[in-house]
Each structure stands twice: as C-alpha cells, then as structure tokens.
Amino acid sequence: MMDARQTPPAATDIVDLRSDTVTLPTEAMYEAMRSAPLGDDSRDGDPTVRALEARAASLTGKAAALFVPSGTMGNLLAMLAHGERGGEVFADGGAHLFNSEIGSMVTVAGLVPRSVPSRRGAMDEAALEQAIRATLGAGRPRPALIWMETSHNGAGGTVLPLAHMACIHAIGRDNGIAVHVDGARLFNAAVALGVSAREIAAHADSLMFCVSKGLSAPVGSLLVGDDAFIARARAFRRIVGGNMRQAGVIAAAGLVALDTMIERLREDHDAAQHLAHGLAWLDPALAEPDHVQTNILRIDVANSTHDAAGWASALKASGILVQASGAGQLRLVTHRHIDRATVERTLAAFSAVAPAA
C-alpha cells in the first residue's frame, strides 16, 4: 500500500468523494442569495422561505412544508409531531435513523427503535405486520411511526420500489400508524425510478428531503405533510431551537436547486456506475455494479489485507477522499464536482493501492 505519509496533494487537487454535502452553490444560487427578499421567518414570515416551502409542497403533492436547517432536524420534528413518548418506531436496522440519529430519537423524542428484518433497505412486509401485532398485543405504548428511507444510504443508495412503499403505507393505514419517509436524497430516488417526487411522496404521510446534498444548495431541508402535521412540526421547531430569522438568504439557493438541479442528478448516477464498473474490473470483490442505483457506492474491502481506514489513508495520499464505514467498507458518493476525469483519477488511485491491499 502506498505511503500515506508522503506530501499531501494541494487542496485544489483533491477529489472529495466522502459525501455530496461537499457540493458548492452555483453562480445562480449565489446571485439569488444576494437579491432574495427577506423577513423574519419566526415572526411575520420570510417571503423567500415561504416561496421555498410552497415549492416543496407542490413538488411532493403535500398541503404544506416547513424549512429547517438540517435533515436530522426535519426527521426529529416528524417524530415529535407524529409520535407519543414511549411509542415504537418501526424501520429497517440499517436505516440512517437508527445508525446516525438514534440519540435525538431516544433522548429528545422519547421513542423506542424497533428493527424490522429487511433486504437492501426494504422492510419485510410480513415481518413488519408481525412486529406491529406483537407491540399492540403486549400492552406497550401505541406504535408511533413506520419509517422508510429512499434512497437508502446504508444500502448503497438503493431505491425503494413504489409497490413496496405502497404496501408499507397500507400497513400503516390499516393499523392507524403514520408513515414517514426519510428522503434526504429524494430526487436521486425519483430520477432513478423515472418518476416524480410526488409519486414517491404519495406513499407517506410525511416526508423530509434535503436541498444541501446533490442539489448543491449550501444548507437546508424541507419537511412536508398535511396542514395539521406541519403546524405541529412548526411549534416543535421553535422548541428545539430551529427557528431562523432572515432565512431567505439560504432558502433562495434552495429554490434555485429545485428549479435547476434535479435532472442533472443523472450525471451523478452515471459517474457512480462508471466507478462501480471500473472497480469491479479491478477486483470483483470491491463493487457490484448491478447494486448501484444512484450516487452512492459501498465498497467492500473486508477481504483485503488492510482495513477501511488504511484504504482511506492511502487514497488520501493520492488526493482521493473517501469515507471509511466500519472496518471493512468504504463509502464513495458522486456529485456535481465529480466528472469523467476525476472518476478516471479515482480508479487509477484504487489501482495503485489495490496490489498492496
């Protein structure tokens, strides 16, 4: 493996594949931010925030929307607005909720995680029904929420089929349990399926999506649902410190993102496919191109000599930043700043590292 102690590349030479959150705003976003009409969002309302919320509601077919600083906050507000303390949240065990947001779920919302057997992010429908019956029959607090995630981070950017989502939503309705979708990368899922965001959101009572990932806005997420739900979520936003003042400065970039950046996500998916095929050619154990549906690759290095941290360190020495996920896996995320040249450079770096790994 190459020496990670060698002179590091200049910052301008870095290929950053750790996340699509590293995307920078476009010039159109900067211009919109400079000229956005502003107001106090927590008092009389910020006109640009209100415009973004209306756009988000329209795109997802929901009655109302709420602008929040982060996807984690949006998901937390969904839990607070839907559930009662002590209730259970049913989700697959690999959900971002259980792996990265469980602290706020348990300590702030007071809810209990209930893992459901799943395959590549999709809960087993029969197992979900059985888990709900067990909760209802045991005299525990009423189930609080059923949770889906699409695209699914932990499952390598996989997308839930609409038929599966419809079935899960029906289980929720039949049992009087709200269904929430963590759609941080909602538009990646929509582009991959060839459908509108509205068609995905139809299978949920509430949904959160980010404008700060592949859509390239600098900050912000939207929570959508019916009027009563958003009214409750807005009240909880104040409680958790999420109220903002002249937030139109950042909301303006979100409007540009929704108007101009959705269709170009196909380019990120193509880049991920190119990476996956190149890595599989280098070593079939590294990647399964057939499993890559959007812009996230999960690279298996468990059978190599070095662990994921060692791979990440060696790749960094060549100016390639990737995320080590546990001891045996790397995560690579393509985005607007990853073009064909940077893909080829990344493959070359993996090729140099692999023989020693």
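You'll find the structure just up there.
Residues numbered from 1 in each chain as written. Predicted model: local features only at pLDDT ≥ 70, side-chain atom pairs only at ≥ 80, totals over all residues. Heavy atoms only, no water.

Asker: Is there a simple way to explain the environment of Asp16 in this structure?
Answerer: Within the fold, Asp16 resides in strand S1 (residues 15–16). Judged by its relative accessible area of 14%, Asp16 falls in the buried class. Separated by 40 residues in sequence, Asp16 and Ala56 have C-alpha atoms that sit 29 Å apart. Beyond its immediate sequence surroundings of up to four residues, Asp16 is in contact with Val22, Leu321, His335 and Ile338. Polar contacts involving the side chain of Asp16 include one to the side chain of Arg18, which spans 2.6 Å. (Helix = DSSP H or I, 4+ residues; strand = E, 2+ residues; numbered from the N terminus. Buried < 20%, exposed > 50% of the residue type's maximum accessible area, 1.4 Å probe, protein only. Contact = heavy atoms within 4.5 Å. Polar contact = N/O pair within 3.5 Å; in protein donor to acceptor, adjacent residues only side chain to side chain.)

Asker: Explain the packing of aromatic side chains to me, please; I cannot follow it from the model alone.
Answerer: What describes a pair of aromatic rings is the distance from one ring centre to the other and the angle between the planes of the rings. Enumeration according to the criterion identifies two aromatic pairs in this entry. On the numbers, 5.2 Å between centres and 85 degrees between planes, the contact of Phe187 with Phe209 is edge-to-face. Placement of Phe187 in helix H8 (residues 186–193) and of Phe209 in strand S9 (residues 206–210) is noted, with a sequence separation of 22 residues between them. Judged by relative accessible area, which is 5%, Phe187 ranks as buried. For the ring pair Trp311 and Phe350, a centre distance of 5.8 Å and an interplane angle of 35 degrees mean the geometry is tilted. With a gap of 39 residues between them, Trp311 in helix H13 (residues 308–317) and Phe350 in helix H14 (residues 340–353) connect regions that are remote in the sequence. Pair check on accessibility: Trp311 and Phe350 agree, each one buried. (Phe/Tyr/Trp six-rings, centres within 6.5 Å; stacked < 30°, edge-to-face > 60°.)

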